[in-house]
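Remarks on the overall topology
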Amino acid sequence: MLTKLIIGLGNPTEEYKDTRHNIGFTVLNTLSKKYKISKKKEKKLLCWYGHGKTENYNIILAWPTTYMNNSGNAVVKLLNYFKIDSKDLIVVHDEVALNLGKIRIVFNSSAAGHHGVESIIQSLGGVQEFTRLRVGIGPDPGGDIRADYVLRKFTPNEEKLVKKVVDISVDAIEIIINENIEKAMNKFNGVEIKV
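A brief report on the enclosed structure follows. A quick note: this is a predicted structure, and the numbers were derived from the prediction, not measured.

This next bit is on the pairing of strand 1 (residues 3-8). For strand 1, the buried fraction is high: five of the six residues fall into the buried class. As judged from the five bridges shared by strand 1 and strand 4 (residues 58-64), these two strands associate in the parallel manner. Residue pairing for strand 4: K4 is matched across the bridge by I59. Across four bridges, the pairing between strand 1 and strand 5 (residues 89-99) is parallel. For I6, the partnering residue across the bridge sits in strand 5 and is I90.

Across a sheet, strands are paired by hydrogen bonds formed along the backbone, either parallel or antiparallel in direction. Spatially, seven strands are ordered 2-3-4-1-5-7-6 in an open sheet, and the strand pairing comes out mixed. The two strands at the open ends of the sheet, each matched to only one other strand, are strand 2 (40-42) and strand 6 (103-107). In this sheet, adjacent strand axes meet at a mean angle of 30° when their direction is disregarded. Judged from the five bridges that link them, strand 6 and strand 7 (residues 131-138) form a sheet pairing that is antiparallel. When the sheet's bridge partners are listed, R104 is paired in strand 7 with R134. Relative to strand 1, helix 2 (residues 71-81) is tilted by about 165°, and along the sheet it contacts strand 1, strand 3 (47-53), strand 4 and strand 5.

What follows covers the packing of aromatic side chains. Here the structure, examined in full by the defined rule, presents three aromatic pairs. Measuring from centroid to centroid gives 6.3 Å for Y16 and Y67, while their planes differ by 80°, and the two rings are edge-to-face. Taken as a pair, Y16 in the loop between strand 1 and helix 1 (23-34) and Y67 in the loop between strand 4 and helix 2 lie far apart in primary sequence, 51 residues in all. Relative to F82, the ring of Y81 lies with its centre 4.9 Å away and its plane at 90°, an arrangement referred to as edge-to-face.

How each quantity is defined
Residues numbered from 1 in each chain as written. Predicted model: local features only at pLDDT ≥ 70, side-chain atom pairs only at ≥ 80, totals over all residues. Heavy atoms only, no water. Buried < 20%, exposed > 50% of the residue type's maximum accessible area, 1.4 Å probe, protein only. Helix = DSSP H or I, 4+ residues; strand = E, 2+ residues; numbered from the N terminus. Pairing = 2+ DSSP bridges. Axes fitted to C-alpha atoms, helices over the stretch in contact; angles between N-to-C directions. Contact = heavy atoms within 4.5 Å. Phe/Tyr/Trp six-rings, centres within 6.5 Å; stacked < 30°, edge-to-face > 60°.

Rendered as structure tokens:
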């Protein structure tokens, strides 16, 4: 059975828990609960990770402990350790350029300014051939306040929508893995998720 590596991007310490920037971690936490995957800390792989199975694949879920901007260090170690090709990598991350309520699935795409994804592409020697699930956290406030904005928690008014977005993100990952990326793209790209 083939293996897929699913990485959620975020910052590992308590102060960043449930912030916009950590929505990749939140999606993976929900996926791990659904598949009853427990995670363990692995210092040499620079992450927390756990194993599970879907209909068609073994899956490895990983939460890097490197902080967002150095995510590539953990990704390369995981790919090498488990002997997984980048084409079998799915990266789940926040996307300030998409409004909350939208997700976008891409393959072989540039980082588009996301520092965590930039780190992965750089660590892979410029390779972009992996799947990304971009989870909207916008609207983008732009300029100097963007850095503070992404590190804020969601507002109480946004919480219901966030839960729905996270659940739909899990659905999207399952379709990518168990069916194909094109079906997931057609189903979710451009759709506005509402409460």
